[in-house]
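Okay, here's what each chain looks like letter by letter:
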Amino acid sequence: MGDYLRPVSLDEALQALTRRWTVLAGGTDFYPARVGRAIEENVLDITGIPALRGISDGPAGWRLGATTTWSELIETPLPPLFDGLKQAAREVGGRQIQNAGTLAGNLCNASPAADGVPPLLALDAEVELAGHAGMRRLPLSAFITGNRRTVLGPGELLVAIHVPRPVHDGRSAFLKLGARRYLVISIAMAAVTLEIEHARVIKARIAVGACSAVAQRLPALEAALADVPVTALAERVDIAHLAPLAPIDDVRGSAAYRRDAVITLLRRLLRGFA
């Protein structure tokens, strides 16, 4: 059995990271991956650090603390801009998982099917990293680099997620396709954020997950929706807009099925803005 440490400050956690530790946030991926065997690595439990929890807003946007749980996100009063992220939060396992699982854990686990990634990409989210050299911020799109891979360096922690305040009225939505309604890994999922003025799209941000090693934005579709009335969005979706995706064949579905499913998900999402 390795060592276990639960620091109560960020400085204490960063000091501990001069040694090799496995960082534990909610533990909802950590423990299932180790069923039936002893935990031999050193575990750094960051859930006791108050500065890493909670949601706050300011003139520039919102700060989502790293160890904020999905349940806390759901229960926090937030504008319609966050509706898509809240819809995704309700799809992260069951209620017990939502009570324990954290936003940062979902991102750092870097699963291609992580439910939180597409809606955060569609919100233009940035991540804030803390390390011995100080703080740095980078787009979420640059943070996850592959299946189970991120740019976190030795001695770094993800401490917060930042969502910028849109210039115009912002709304978002999320849809996930699985083999059943709940408690299932995604076959495909999509998130849409629209900035709207006078019932026309000013700016669109669209992301798709579980159809590539990393969730992807769809810039061609985003451009195609600019200045389009909200009542006419769904028919603009075309198979050519899915070029950034690289779906695979696996036990949950074929690549061709995933592409068809994404088209359907996107059209359903966009109809919901009318």
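Everything here concerns the structure above.
This is a predicted model, so every value here is computed, not measured. (Residues numbered from 1 in each chain as written. Predicted model: local features only at pLDDT ≥ 70, side-chain atom pairs only at ≥ 80, totals over all residues. Heavy atoms only, no water.)

Caption draft 1: Just the nonpolar core, in detail. Core analysis: the biggest nonpolar cluster contains 34 residues, and F82, L107, L120 and L158 have the highest contact counts within it. Put simply, the parts of the chain that give this core at least two residues each are β5 (61–65), α2 (70–75), α3 (83–89), α5 (103–109), α6 (117–122), β6 (126–131), α7 (140–143) and β10 (157–164). Beyond its immediate sequence surroundings of up to four residues, F82 is in contact with W62, L64, L123, V163 and S172. With 29 residues, the next largest nonpolar core counts V192, I196, L242 and L269 among its residues. (Core = buried A, V, L, I, M, F, W, Y, C linked by side-chain atoms within 4.5 Å. Buried < 20%, exposed > 50% of the residue type's maximum accessible area, 1.4 Å probe, protein only. Helix = DSSP H or I, 4+ residues; strand = E, 2+ residues; numbered from the N terminus. Contact = heavy atoms within 4.5 Å.)

Caption draft 2: Representation of unusual backbone geometry. Despite not being glycine, A110 has its phi angle at roughly 55°, a positive value. Turning to its location among the elements, A110 is positioned in the loop between α5 and α6. Take A110: its relative accessible area is 0%, and that puts it in the buried class. Phi is positive for H198, close to 55°, though the residue is something other than glycine. Inspection of the secondary structure assignment puts H198 in the loop between β12 (188–197) and β13 (200–209). Residue H198 is classed as exposed on the basis of its relative accessible area of 74%.

Caption draft 3: Spotlight on the side chain of T68. With respect to the helices and strands, the residue T68 is situated in the loop between β5 and α2. Polar contacts involving the side chain of T68 include one to the main-chain carbonyl oxygen of G65, which spans 2.9 Å. In this structure T68 touches L52, R53, G54, I55, L73, G101, T102 and L103, once residues within four positions along its chain are discounted. (Polar contact = N/O pair within 3.5 Å; in protein donor to acceptor, adjacent residues only side chain to side chain.)

Caption draft 4: Structural detail: the pairing of β6. Counting buried positions along β6 gives 5 out of 6 residues, so the element sits mostly inside the fold. Across 6 bridges, the pairing between β6 and strand β7 (residues 134–139) is antiparallel. Note that in β7 the partner of G131 across the bridge is G134. Here β6 folds back onto β7 in antiparallel fashion, the turn holding 2 residues. Of the strand pairs in this sheet, β6 and β10 are connected by 5 bridges, and their pairing is antiparallel. Its bridge partner lying in β10, V127 is registered against I161. (Pairing = 2+ DSSP bridges.)

Caption draft 5: Representation of the sheet that holds β5 in the model. The strand order across the open sheet formed by 5 strands is β4-β5-β10-β6-β7, and the pairing between neighbours is antiparallel. If you trace the sheet from one side to the other, it starts and ends with β4 (55–58) and β7, each paired once. Across the sheet, the mean angle separating the axes of adjacent strands is 25° when strand polarity is ignored. (Axes fitted to C-alpha atoms, helices over the stretch in contact; angles between N-to-C directions.)

Caption draft 6: Spotlight on the sheet that holds strand β2 (residues 22–24). Across the sheet, which stays open at both edges, the 3 strands sit in the order β1-β3-β2 with parallel pairing between neighbours. The strands lining the two open edges of the sheet, one partner per strand, are β1 (4–5) and β2. Note that β2 and strand β3 (residues 43–45) share 3 bridges and pair parallel. Within the sheet, the bridge partner assigned to T22 lies in β3 and is V43.

Caption draft 7: Main features of the side chain of D115. Looking at the element boundaries, D115 is found in the loop between α5 and α6. Other than its neighbours up to four places away in sequence, D115 contacts A88, E91, V92, N106, F174, K176, S186 and M189.

Caption draft 8: Main features of empty space enclosed by the protein. If you walk through the whole model with that rule in mind, you get 2 cavities of 30 Å³ or more. Estimated volume of the largest cavity: approximately 40 Å³. Considering the residues around the largest cavity, the lining is formed by A110, S111, P112, A114, V117, P118, I144, A213, V214 and A215. Grouping the amino acids of the lining of the largest cavity by side-chain chemistry returns 9 nonpolar, 1 polar and no charged. Surrounding the second largest cavity, V117, L121, L140, S141, I144, V214 and A215 form its lining. (1 Å grid on protein atoms, 1.4 Å probe; cavity = no way out; pocket = protein on both sides within 12 Å on 5 of 7 lines; lining within 4 Å. Points joined across faces, edges and corners; volume = space filled by probe spheres on them. Nonpolar A, V, L, I, M, F, W, Y, C, P; charged D, E, K, R; others polar.)

Caption draft 9: Geometry of the packing of aromatic side chains. Summed over all chains, the structure comprises 2 aromatic pairs. With a centroid separation of 5.1 Å and 90° between ring planes, the pair formed by F30 and Y31 is classed as edge-to-face. What makes F30 buried here is its relative accessible area of 9%. Where W62 meets F82, the ring centres are 5.1 Å apart and the plane angle is 80°; that geometry is what we call edge-to-face. With W62 in strand β5 and F82 in the loop between α2 and α3, this residue pair connects regions lying 20 residues apart in the sequence. This pair shows no difference in class: W62 is buried, exactly as F82 is. A cation over a ring is seen here: R34 above F30, with NZ or CZ 3.8 Å from the ring centre. Directly above the aromatic system of W62 lies the positively charged group of R165, at a separation of 4.3 Å from the ring centroid. (Phe/Tyr/Trp six-rings, centres within 6.5 Å; stacked < 30°, edge-to-face > 60°. Lys NZ or Arg CZ within 6 Å of the ring centre and 35° of its normal.)

Function cannot be inferred from these measures alone, as they are strictly geometric.
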